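# Structural characterization, general
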Amino acid sequence: MRRTITSFVVALLLVASALAAQDGHRFRLFAGLEPGVSHSDETGFDYQTGYVLGLDTYFAPRWAAEVAASYQRESGPAGPGSFNSDTISLDAAARFELARRGRWGVHGLAGLRYSEHEDTVSYSPPCCPDELTRGSYTQDRTGLLVGLGADLQLSKRFSLRLDAKHVPWTAGGDDAFFEDTAVSTALGVEF
C-alpha cells in the first residue's frame, strides 16, 4: 500500500510540473484534509484525519477533469492487542460547474474510485504467551463516484474547495453491498 501512495504522489507531482510548463491551459494542484469518524463499543467514537492530494485541468469553460488521492489511517486497541486500518483511494472524475456567483461556485462530480483497504491486527501476551501474533486483511474495491461541491476563489491563483463524494460499492462476485461517503476540504493553487 505504501508503494501505491508514494508512486501516485510522485507521478502527480511530475505531471503537475510538466503541465506547469505549458501555456494556455488552467491547471490546479490541490491539497487538503478529509476528516473521518468511526465507532466501536470498546473505544466509542474515534476521529481520524485523512489527507487529499489532487490535480485538475479545465478542458472547456465549465468542465474539468481531475485525479485525486486520499489516505487515511485509523489505529487503536483491539482486546489484548492493537489494530491499524489504512485506506488509500484514487479518484478519476469529471467536474461540471453548476453555478457561479462572484467568487463562489457550485460543482458536480462523476467518475470512478479505486480503494485499497488494509486491516492489520497484532496480539501480544497474555493471549499468545509465546509470541506476537499478527494478522492482515486487504480488500480492493472499484466503484462509481458521484459528488457535489463548492469552491471559493480567494485570489486569482488560490481557491478553497469543499467536496462531498459518495461511492456505492459492489464487492467482487458476491452480493455484499458497501457504501463510502467522504467529505474533504482543500486549498488549490492554479498555474
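The following paragraphs examine the structure supplied in this document. These figures come from a predicted structure and were not determined experimentally.

### Considering the overall build of the protein
The helix and strand inventory of the protein stands at 1 helix and 8 strands. For the protein, the α and β elements follow one another from N to C terminus as α-β-β-β-β-β-β-β-β. The proportion of buried residues among the 191 residues of the protein is 37%. A total accessible area of about 11,100 Å² is found for the protein, and carbon and sulfur atoms account for 61% of it.

### Section: the nonpolar core
One finds Ala-93, Leu-109, Leu-145, Val-167 and Trp-169 forming the largest nonpolar core, which totals 5 residues. Beyond its immediate sequence surroundings of up to four residues, Leu-145 is in contact with Asp-91, Ala-93, Leu-109, Ala-110, Gly-111, Leu-112, Arg-113, Lys-165, His-166 and Val-167.

### Overview of the environment of Thr-138
Along the chain, Thr-138 falls in strand 6 (residues 133–153). Between the C-alpha atoms of Thr-138 and Ser-85, which are 53 residues apart in sequence, the distance is 9.7 Å. Discounting chain neighbours no more than four positions away, the residues touching Thr-138 are Glu-116, His-117 and Glu-118.

### Thoughts on a nonpolar patch on the surface
A surface patch of nonpolar side chains, amounting to about 330 Å² of accessible area, comprises Leu-154, Phe-158, Leu-160 and Leu-187. On the secondary structure map, Phe-158 appears in strand 7 (residues 158–170).

### Quick look at empty space enclosed by the protein
In total, this model carries 2 cavities of 30 Å³ or more according to the counting rule given. Approximately 60 Å³ is the volume found for the largest cavity. Lining of the largest cavity is provided by Arg-28, Tyr-58, Arg-62, Arg-95, Phe-96, Glu-97, Arg-100, His-107 and Asp-151. With 4 residues, strand 4 (residues 81–101) is the largest single contributor of residues to the lining of the largest cavity. Residues of the lining of the largest cavity, tallied by class, amount to 2 nonpolar, 1 polar and 6 charged. Counted as a void, the second largest cavity has a volume near 40 Å³. Forming the boundary of the second largest cavity are Glu-34, Val-52, Ala-68, Ala-69, Ser-70, Ser-89, Asp-91, Arg-113, Lys-165 and Ser-184. Of all elements in the fold, only strand 3 (63–78) and strand 4 reach the threshold of two or more residues within the lining of the second largest cavity. Looking at which element gives the most residues to the lining of the second largest cavity, the answer is strand 3, with 3 residues. For the lining of the second largest cavity, the per-class residue count stands at 3 nonpolar, 3 polar and 4 charged.

Basis of the calculations
- Residues numbered from 1 in each chain as written.
- Predicted model: local features only at pLDDT ≥ 70, side-chain atom pairs only at ≥ 80, totals over all residues.
- Heavy atoms only, no water.
- Helix = DSSP H or I, 4+ residues; strand = E, 2+ residues; numbered from the N terminus.
- Buried < 20%, exposed > 50% of the residue type's maximum accessible area, 1.4 Å probe, protein only.
- Areas by Shrake-Rupley, 256 points an atom, 1.4 Å probe, with all protein chains shown as cover.
- Core = buried A, V, L, I, M, F, W, Y, C linked by side-chain atoms within 4.5 Å.
- Contact = heavy atoms within 4.5 Å.
- Patch = residues over 30% accessible without salt bridge, like charges linked within 9 Å, V, L, I, M, F, W, Y side chains within 5 Å.
- Salt bridge = Lys/Arg side-chain N within 4 Å of Asp/Glu carboxyl O.
- 1 Å grid on protein atoms, 1.4 Å probe; cavity = no way out; pocket = protein on both sides within 12 Å on 5 of 7 lines; lining within 4 Å.
- Points joined across faces, edges and corners; volume = space filled by probe spheres on them.
- Nonpolar A, V, L, I, M, F, W, Y, C, P; charged D, E, K, R; others polar.

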